[in-house]
Amino acid sequence: MPGIMVEKQVKDFITMRKLIVLLSIFMAFGGCNDGDPNGKKVYIPDVPVNITLNLDLPSNMHLNNLGGFSLLTGGHRGIFLVHHFDDAFYAVERTCTYIPDSACAVIQVDTSNIQLRCGTYNTQGYDQCCQSLFSYDGSLLQGPAQYSLKRYNVSRNGNLLSIYN
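Report on the accompanying structure. (Residues numbered from 1 in each chain as written. Predicted model: local features only at pLDDT ≥ 70, side-chain atom pairs only at ≥ 80, totals over all residues. Heavy atoms only, no water.)

Comments concerning the overall build of the protein chain
Part 1 of the argument: Secondary structure assignment for the protein chain yields 1 helix and 10 strands.
Part 2 of the argument: Tracing the protein chain from N to C terminus, the helices and strands come up as α-β-β-β-β-β-β-β-β-β-β.
Part 3 of the argument: Burial statistics for the protein chain: of 165 residues in total, 33% are counted as buried.
Part 4 of the argument: Long-range contacts, defined as pairs at least 24 residues apart, comprise 43% of the intrachain contacts of the protein chain with a sequence gap of at least 6.
Part 5 of the argument: Roughly 10,300 Å² of accessible area belongs to the protein chain as shown, and the carbon and sulfur atoms make up 58% of that amount. (Helix = DSSP H or I, 4+ residues; strand = E, 2+ residues; numbered from the N terminus. Buried < 20%, exposed > 50% of the residue type's maximum accessible area, 1.4 Å probe, protein only. Contact = heavy atoms within 4.5 Å. Areas by Shrake-Rupley, 256 points an atom, 1.4 Å probe, with all protein chains shown as cover.)

Details of the state of the cysteines
Part 1 of the argument: For the coordinates displayed, the defined rule picks out 1 disulfide.
Part 2 of the argument: Residue pairing for C104: its cysteine sulfur links by disulfide to C129, the two sulfurs lying 2.0 Å apart. One disulfide, between C104 and C129, carries an S-S torsion of 50° and so falls in the right-handed class. One end of the pair, C104, is in the loop between β4 (89-93) and β5 (107-110); the other, C129, is in strand β7 (residues 125-134), with 25 residues separating them in the sequence.
Part 3 of the argument: The class of C129 is partly exposed, set by a relative accessible area of 27%. (Disulfide = S-S within 2.5 Å.)

Some points on the side chain of N60
Part 1 of the argument: By secondary structure assignment, the location of N60 is in the loop between β1 (50-54) and β2 (69-72).
Part 2 of the argument: From its side chain, N60 meets the backbone oxygen of N54 in a polar contact 3.0 Å long.
Part 3 of the argument: Apart from residues lying up to four places away in sequence, N60 is in contact with L53, N54 and L55. (Polar contact = N/O pair within 3.5 Å; in protein donor to acceptor, adjacent residues only side chain to side chain.)

Side note on the sheet that holds strand β9 (residues 151-157)
Part 1 of the argument: One open sheet accounts for 6 strands, arranged β1-β10-β9-β4-β3-β2; its pairing is antiparallel. Strands at the two margins of the open sheet, each flanked by one partner only, are β1 and β2. Neighbouring strand axes in the sheet, compared pairwise and without regard to direction, differ in orientation by 20° on average.
Part 2 of the argument: Pairing between β2 and strand β3 (residues 79-83): 4 bridges, direction antiparallel. Counted as the bridge partner of L72 is I79 from β3. (Pairing = 2+ DSSP bridges. Axes fitted to C-alpha atoms, helices over the stretch in contact; angles between N-to-C directions.)

Observations regarding the packing of aromatic side chains
Part 1 of the argument: Applying the stated criterion across every chain yields a total of 4 aromatic pairs.
Part 2 of the argument: Between F69 and F80, the ring centres sit 5.6 Å apart and the planes meet at 35°, which makes this aromatic pair tilted. Note that F69 is positioned in strand β2 and F80 in strand β3, a separation of 11 residues in sequence.
Part 3 of the argument: Residue classification places F80 among the buried residues on the basis of a relative accessible area of 1%.
Part 4 of the argument: Members of the aromatic cluster, connected to one another through ring pairs, are F69, F80 and Y136.
Part 5 of the argument: We note R117 situated over the ring of Y126; from NZ or CZ to the ring centre the distance is 3.6 Å. (Phe/Tyr/Trp six-rings, centres within 6.5 Å; stacked < 30°, edge-to-face > 60°. Lys NZ or Arg CZ within 6 Å of the ring centre and 35° of its normal.)

Right, here's the structure in full:
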């Protein structure tokens, strides 16, 4: 009888040990974060944004047309504002979500394809930073970015357009 109890204790010990190993593996891999391919969290700094545009001003009249857009100062690296083809206004951060700390991770307008792309302009032309493409509302169309662009709130009151966070 004592031999059976010792045998049961050994089996319980082995079972417990297997459980601890499995739990350890689960915790190690369960701690993975959502971020860029380099394992970093995608973080775009929160910068206070409070911009008001008068759509009656000559400098803003183009925003009354569907597809009209402006590149605004504000946000982290600037703001892309568009009067989208669904008749809504969208304001998105001009920092690419792929590797936002990179100096070249600036969103530019590609009017020939009606898209936003990641890169910078220099004296030789356009220098692509990554292959990421975004729609005018900031939605991700093509990676390597895994996230849409950061959006700001937009509200319209008559001919005044407010962009804020």
